[in-house]
Amino acid sequence: CEELADLGDDELDNILAMISDEIEVYLQPLPDDFSNPLYQETNILNDISDEKGALVNFQEIETLAGEWIQKALEQLDSLLGSGTSSNNGQNDLGINELIRSSLLDDQGEFSIDPSLISGFFSDENSNNIIFEGHDKLTETTMSLVSIRVQGLDTFKELDLLNVVGNYTVRNLLKMERLTFSIELEATMMASSLSSSFIDASNAKPITEVFTIAFTANDIEIDFTILLALNEMTLGTIQLGSMLHTTNILPCLFSAIDKASFTGLALTVTDLVPPTMTGFLDRGIDQIMSSGATALFNMYEKAMIRAMPNFFQLFVRDVINDYIDGVVSLLGKCPDTKPPMSGFVDFRDLFLDPDDALASGGSGDAPYGNVIPWIMDIIDDQLFSADESGQLSVNELMVRPLTKSQSGIEGSLHFNGTLIDLNKRQVTRKIWTSFADNLRLRLSDLHLSGLDSMRVPTEILSPKSSSAHTLENKISIGVTENVSITDNSDSLRASFGFELLVGGENSPLAMNNLMDLELIVPSLDILAMLRATVEVDRLMKFPLKDITNVDCWISTLWSSKNSGIESDAGVAIEYLNMVLDDGMMVNASCISCTNQMLNQFNSVLSFLEDQEWISNIRSRAILIGSQLARGEWVQGMIAKQIDSSSRRCPHLNFENSMPLAQKYQKFETTREMVDGVLYGGMTL
């Protein structure tokens, strides 16, 4: 008994000394390669860039890719960090909702595969063993059974993707709590050593399965990540390879020359004493729980001080080893399928396979499953409606984007001349007695109320009747039975309007410059677009040109062989607009030869009673539809596609389509002249 007592004292002393030594390591100052998050970027990446080529510089990415990168990051930050109302009425972050829906089980827990941890204790570890000991008293093995984490959905502050170096970003996370539950299995048997104190070779092993649980409160995680992306490799990845979800990570990993955590500091305000439960024997349960509590009370303050360095030294190395293995295993981007001829079937591009098949497509997902997945997210996130019928796209996209352009949410400003239609010489004899020349000019367009999109709205909806037709419905403005004077969501357009009717003997001679404002309570637009996107150009589209508008335009095939009646690769098959009957017009004269126009608002009120505004509205819609579907607009589209194909960097000039020899010049239609004369004669 004395020998056992002495052995117990010695073992306890050894355990305490081991714990003290382990903690002491993490209380020492960190070496420079661990304390400086830019150490690897400064001392290692030069060799990588010299050997493998230029790396993507995060400091210059906005210059290379345009402002949309910054806007995308702002939207990501808004999506993950914006507050939403939780079930208990408190404000919650978007990332918490995302984690709950994608990572956690019904109990709010996330399970970690024990083999990911046990693998660091032994290279060949099929039983998840983390401890093996054999002394004069016992032979003991301890293995991991399960690891569960609670509290991953308690983020209370996010500050993500702050560029601190050319290739390094810093992130700061704050959480309310994290609870770890580690289930262990301990097997103990009498020592088989020749010097053993106990001779019990025939005794059965004792197996205990128990759980250790501990909680950390008020957690702050500050980490920096080095991401060395090979600019050439990333730029040459073809879009077709990225359109399958299973290929996204391998393709991105193939461009990674180096990825690692260069800083990982975790600090906590409070640690809750661990609990140990599950022992079959109450005595052992009491002894182990009391021992764990005593050890915790003894080392709590030291552990809290050591925790930042523990994560910087041990945990960071564990994570980086795992990253290296994953990048090495998955870092090969599958090749794009052999070139496919023909044009994209929008039913297969935008719809899930079952829906595509039902609509007349192949249903084989020939263009991958990423775009249908993105379209589903867009429908759920952007085009969901509230109780009043207003769409979420107003808050998430329209207001931020319009404010960045005009400084006012829901408004756009376009200063300068927008349209200048000038008929210098009227040739048709029937009109020469009224005017020698005509000019219509619109300028300084201001739009407001654009953040009032509502149901029904559909964008890029494939039609079952055609592989190349997309239906678009846009509804803007207030709903029915809402007074225009009581609602500021009406669509409003103000612009400069100049009308010149020339001719010495013309009874309609005038030169009027006015400010006009149209107030439309409700506007519904239906547009049917027919487009031919060449499959080969789309699938081979390199990521380096992903922000190049010319390259996207060049995917449209400009040829009569495309099935479109005009030369343009995109055409408006049908266009119709429905304006609310409550449309109002306000006007003021800037410079008018007709002095009666100073009382134009009174005149308009009279004309509205005579249904003149209704007639003008109908004529304007008809003229606009004719212009959109006419040869002049289609010719301009075809010319733009031809020009874009020559400006796209990854297309060879000799392989681009021949520039059209002749484009239709603008010509006034009978309806257009009739409309101008009808309006002018009435006024």
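Here, the structure is the one placed above.
What counts and what doesn't
Residues numbered from 1 in each chain as written. Predicted model: local features only at pLDDT ≥ 70, side-chain atom pairs only at ≥ 80, totals over all residues. Heavy atoms only, no water. Core = buried A, V, L, I, M, F, W, Y, C linked by side-chain atoms within 4.5 Å. Buried < 20%, exposed > 50% of the residue type's maximum accessible area, 1.4 Å probe, protein only. Helix = DSSP H or I, 4+ residues; strand = E, 2+ residues; numbered from the N terminus. Contact = heavy atoms within 4.5 Å. Disulfide = S-S within 2.5 Å. Expected span 1.5 Å × (residues − 1). Phe/Tyr/Trp six-rings, centres within 6.5 Å; stacked < 30°, edge-to-face > 60°. Pairing = 2+ DSSP bridges. Axes fitted to C-alpha atoms, helices over the stretch in contact; angles between N-to-C directions. Polar contact = N/O pair within 3.5 Å; in protein donor to acceptor, adjacent residues only side chain to side chain. Patch = residues over 30% accessible without salt bridge, like charges linked within 9 Å, V, L, I, M, F, W, Y side chains within 5 Å. Areas by Shrake-Rupley, 256 points an atom, 1.4 Å probe, with all protein chains shown as cover. Salt bridge = Lys/Arg side-chain N within 4 Å of Asp/Glu carboxyl O.

Here we come to the nonpolar core. Counting residues in hydrophobic clusters, the biggest one holds 39 residues, and the most contacted among them are Phe155, Ile219 and Ile221. Mapped onto this core, the elements with two or more residues apiece are helix H7 (94–102), strand E6 (155–163), strand E7 (168–190), strand E8 (206–229), helix H11 (245–254), strand E9 (256–277) and helix H12 (282–330). Ignoring anything within four residues of it in the chain, the contact list for isoleucine 219 reads Leu173, Lys174, Met175, Arg177, Leu178, Leu266, Thr267 and Val268. Core analysis: the second largest hydrophobic core is formed by 22 residues, Ala531, Val533, Phe541 and Val570 among them.

In this section: the state of the cysteines. Each disulfide consists of a covalent bond between the sulfur atoms of two cysteine residues. Summed over all chains, the structure comprises three disulfides. Each disulfide pairs two cysteine sulfurs, and for cysteine 251 the partner residue is cysteine 333, the sulfurs being separated by 2.0 Å. Torsion about the S-S bond of the cysteine 251 and cysteine 333 cystine: about 65 degrees, corresponding to right-handed handedness. On the criterion of sequence distance, the pair formed by cysteine 251 in helix H11 and cysteine 333 in the loop between H12 and helix H13 (346–350) is long-range, its members being 82 residues apart. Overall, cysteine 251 belongs to the buried group, its relative accessible area being 0%.

As a further point, take helix H16 (residues 393–406). Note on helix geometry: an α-helix contains 3.6 residues per turn, so any two residues three or four positions apart are oriented the same way. Here H16 is 14 residues long and its end C-alpha atoms lie 18 Å apart, about the 20 Å a rise of 1.5 Å per residue gives. When H16 is considered as a whole, its buried residues turn out to be Val393, Asn394, Val398, Thr402 and Ser406. Immediately beyond the C-terminal end of H16, within one or two residues, lies glycine 407, with a positive phi of roughly 85 degrees.

Okay, the packing of aromatic side chains next. In total, this model carries six aromatic pairs according to the counting rule given. Judged by centre distance (5.4 Å) and plane angle (25 degrees), the rings of phenylalanine 180 and phenylalanine 214 are stacked. With phenylalanine 180 in strand E7 and phenylalanine 214 in strand E8, the pair connects residues that are 34 residues apart, well separated along the chain. Phenylalanine 214 sits in the partly exposed class, given a relative accessible area of 31%. Aromatic pair phenylalanine 541 and tryptophan 552: ring centres 4.3 Å apart, planes at 20 degrees, arrangement stacked. Here phenylalanine 541 is found in the loop between helix H18 (535–539) and helix H19 (549–554), whereas its partner tryptophan 552 is found in helix H19, with 11 residues between them in sequence. Note on phenylalanine 541: relative accessible area 0%, which makes it buried.

With that out of the way, let us pick up the sheet that holds strand E12 (residues 453–462). What the four strands build is an open sheet, ordered E12-E13-E16-E17; its pairing is antiparallel. Single-partner strands in this sheet number two, and they are E12 and strand E17 (570–579). Averaged over all pairs of adjacent strands, the angle between strand axes in this sheet comes to 15 degrees, irrespective of strand direction. Sheet topology places E12 next to strand E13 (residues 469–477); five bridges connect them, and they run antiparallel. Across the sheet, the residue bridging to methionine 453 is isoleucine 476, located in E13.

Residue position: serine 406 is located in helix H16. Since its relative accessible area comes to 18%, serine 406 is described here as buried. A distance of 3.1 Å separates the side chain of serine 406 from the backbone oxygen of isoleucine 408, its partner in a polar contact. With residues near it in sequence (within four places) discarded, serine 406 still touches Ser411, Leu412 and His413.

It is worth spelling out a nonpolar patch on the surface at this point. A cluster of nonpolar residues, Leu116, Ile117 and Tyr322, forms a patch on the protein surface that exposes about 270 Å² of accessible area. Within the secondary structure, tyrosine 322 sits in helix H12.

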